[in-house]
Amino acid sequence: MSKRVYIFDTTLRDGEQSPGVSLNTAEKLQIARQLACLGVDIIEAGFPIASPGDLQAVTAIARDVKGVTVAGLARANQQDIDVAWQALKQAEQPRIHTFIATSDIHLQYKLRMDRQQVLEAAAAAVAYARRFTSDVEFSAEDASRSDKDYLCRVLEAVIAAGATVVNIPDTVGYAVPQEYAAFIRYIMENTRGIEKVIVSVHCHDDLGLAVANTLAALGAGARQVECTINGIGERAGNASLEEIVMAMHTRRDQLGLETAINTREIYRTSRLVSTLTGMVIQPNKAIVGKNAFAHESGIHQDGVLKERTTYEIMKPETVGISHSNLVLGKHSGRHAFKERLAQLGYVLTEEELAKAFTSFKNLADRKKEITDHDLEAIVEEEIRQVPPVYTLDYLHISTGSTVVPTATVGLLKEGQRLEEAACGNGPVDAICRAIDKVTGLSCTLVNWGIRAVTSGKDAIGEVTLKITLDGEKVVVGRGISTDVLEASARAYLNAVNKLLKEGENNHANDHH
Ligand code: KIV
Ligand code: ZN
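Since the model is a prediction, treat every value here as computed from it, not as a measurement. (Residues numbered from 1 in each chain as written. Chains lettered and ligands numbered in written order. Predicted model: local features only at pLDDT ≥ 70, side-chain atom pairs only at ≥ 80, totals over all residues. Heavy atoms only, no water.)

1. Brief notes about the site of ligand 1
What surrounds ligand 1 is the set Arg 13, Asp 14, His 97, Phe 99, Ser 139, Glu 141, Asn 167, Pro 169, Thr 171, His 202 and His 204. Note that an oxygen atom of ligand 1 is positioned 3.1 Å from one of the side-chain N or O atoms of Asp 14. The side chain of His 204 places a nitrogen or oxygen atom 3.0 Å from an oxygen atom of ligand 1. Burial of ligand 1 by the surrounding chains reaches 95%, relative to a free accessible area of 260 Å². Of all the elements in the fold, those that place two or more residues in the shell around ligand 1 are strand E4 (93–101), strand E5 (136–141) and strand E6 (165–170). (Near = heavy atom within 4 Å. Polar contact = N/O pair within 3.5 Å; in protein donor to acceptor, adjacent residues only side chain to side chain. Areas by Shrake-Rupley, 256 points an atom, 1.4 Å probe, with all protein chains shown as cover. Helix = DSSP H or I, 4+ residues; strand = E, 2+ residues; numbered from the N terminus.)

Below, the structure written as structure tokens:
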């Protein structure tokens, strides 16, 4: 059996179904481009019929991101498949991914269909999708709770209808590893035609077993895994790409499997997804958490200093975490700055470089030593921002335990300075209210979080927050500064700028 495992990334579809996550088309394109650099085989770009935004994003990714298969999700009916194809047709390698549930619970309560009807709908959907493309994946939703012989008959029918990949999801994260492996093995042994297709698995993490179930299924012969960056997704999330890939990489001796992933792009991809979704990574998260390679106890530190492999099974560099702590400073020039960014893998345009260099110099005035993590934060701030409608000119705060927190802000819009002041329950509230007075919007702050980019008292604080205008659509904003209140103001403005930009785009679409 082939050792090659295909990585199907569904960060932009199942991952985007995480509560509170909503990405716009530009953000989805950025993530898709980074996923292509990471070397995933398939990007599931969205569910085109689900919303106009999804349709737009899948269309843009299919058109612009090359060298990778782009998949779009569709329920097992012609209208969904037509819309999915509409979005996918410009892709270099398009895949239609159609699904219907096969468990009795879903048939009885959700679909209100009998087993024969579902089998026929599945086969008809695959046959219809094959009219458009030769790459068609079928998923049997809630497969792991389905009757296994019935599931085999459904899979036989979709394979006969032309499916090239069949996916066996553990939709509700109910399976345990031995059981799931046996289930996959049973399907492999009892489904006519299964040898002609790729068997895929898709595991949710409700019991914290998504990665373990995925690896068990690979042992049973599955060769495509569906996963997300940082394990984001519905409820407890999906199987985490970085954990599956690094398990295969680190334990090649046991698993004997290969992927096309460039592991050195893992950390960068993880940061990008966290920044754009606003989903903070827990410090102890395997592979990409802040503490994943940190050694705290004296005994461990001593061991690692004597010989790294005493307590380290992977090198941080292998996943793209740079170890160089050096360090640019106030006197470093543009050339050294550009050089270090290039070493970190950032290729910037002259204009982006100029902006990033100005931020670097401003930071160097406040912070003596600027590390790679600081540089990453600066670049993320500069090149991942939407072109701003408002920029922060100045911020003045008066706060303390015995005064009413008050903020005065100066914002620039088209070269003009606009100033307002406001009081609030706390300094962040006062800042948001002052900005709202300038913009005329009345946004609600849904949540606010801070992370120190590096250690030390002069560390950069990175604020990630979420705001909403209508109570439904949530927008993420991010800002950095050595001053956490300034970082909050920048993050809030970043979110407001995104809201305004999206409003403009929707307005433009309404007129077309
Ligand atoms: O969890 C699931 O079953 C899914 C399918 C649509 C593949 O996400
Ligand atoms: Zn799923």
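That shown, we press on.
2. A word on the nonpolar core
Grouped together as the largest cluster of nonpolar side chains are 97 residues, with contacts concentrated most on Ile 7, Val 40, Phe 138, Val 166 and Ile 168. Looking at this core, the element that brings in the most residues is helix H5 (residues 115–130), giving nine residues. With residues up to four places along the chain from it excluded, the contact list for Val 40 reads Ile 7, Asp 9, Leu 35, Val 68, Leu 241 and Ile 261. Among the nonpolar cores identified, the runner-up in size contains 28 residues, and Val 409, Ile 431, Val 463 and Ala 491 belong to it. (Core = buried A, V, L, I, M, F, W, Y, C linked by side-chain atoms within 4.5 Å. Buried < 20%, exposed > 50% of the residue type's maximum accessible area, 1.4 Å probe, protein only. Contact = heavy atoms within 4.5 Å.)

3. Concerning the coordination of the zinc ion (ligand 2)
At the metal site, the zinc ion (ligand 2) is ligated by Asp 14 (OD), His 202 (NE2) and His 204 (NE2), and these contacts range over 2.0 to 2.1 Å. Here the donor residues for the zinc ion (ligand 2) map to a single chain with the spacing D-x187-H-x1-H. Note that Asp 14 is positioned in the loop between strand E1 (6–9) and helix H1 (25–38) and His 202 in strand E7 (residues 198–203), a separation of 188 residues in sequence. Taking the relative accessible area as the measure of exposure, Asp 14 reaches 3% and is therefore buried. (Donors = N, O, S within 2.8 Å, 3.2 Å for Na, K, Ca; no water.)

4. Examining the packing of helix H2 (residues 52–64) against helix H3 (residues 78–88)
The geometry of H2 relative to H3 is characterised by a closest axis approach of 7 Å and an angle of 40 degrees between their N-to-C directions. Classified by the angle between their axes, H2 and H3 sit oblique to one another. Counting all contacts with H2, which are made through Leu 55, Val 58, Thr 59 and Ala 62, the residues of H3 involved are Val 83, Ala 87 and Leu 88. (Axes fitted to C-alpha atoms, helices over the stretch in contact; angles between N-to-C directions. Parallel < 35°, antiparallel > 145°, perpendicular 65-115°, else oblique.)

5. Comments concerning the packing of aromatic side chains
Taken as a whole and assessed by the stated rule, the structure comprises six aromatic pairs. Taking 6.2 Å as the distance between ring centres and 70 degrees as the angle between the ring planes, the aromatic pair formed by Phe 47 and Phe 99 counts as edge-to-face. Within this pair, whereas Phe 47 is found in the loop between strand E2 (42–46) and H2, its partner Phe 99 is found in strand E4, the two being separated by 52 residues in sequence. Pairwise contacts between aromatic rings join Trp 85, Tyr 128 and Phe 132 into one cluster. Taking the ring centre of Tyr 186 as reference, the NZ or CZ of Lys 148 above it sits at 4.8 Å. (Phe/Tyr/Trp six-rings, centres within 6.5 Å; stacked < 30°, edge-to-face > 60°. Lys NZ or Arg CZ within 6 Å of the ring centre and 35° of its normal.)

6. What about the domain arrangement of the protein chain?
Under the domain assignment used here, the protein chain contains domain 1 (6–277), domain 2 (322–381) and domain 3 (391–510). Taking only C-alpha atoms, the centre of domain 2 and the centre of domain 3 are 24 Å apart. Facing 11 residues of domain 2, the contacting portion of domain 3 comprises 14 residues. Note on domain 2 versus domain 3: buried area summed over both sides is about 940 Å², and carbon and sulfur give 51% of it. Contact with domain 3 buries area across many residues of domain 2, yet Arg 366, Lys 367 and Glu 381 alone supply 54% of it, more than any other trio. Counting every contact that joins domain 2 to domain 3 gives one salt bridge. (Domains from an automatic or database assignment. Buried area = accessible area lost by both parts, 1.4 Å probe. Salt bridge = Lys/Arg side-chain N within 4 Å of Asp/Glu carboxyl O.)

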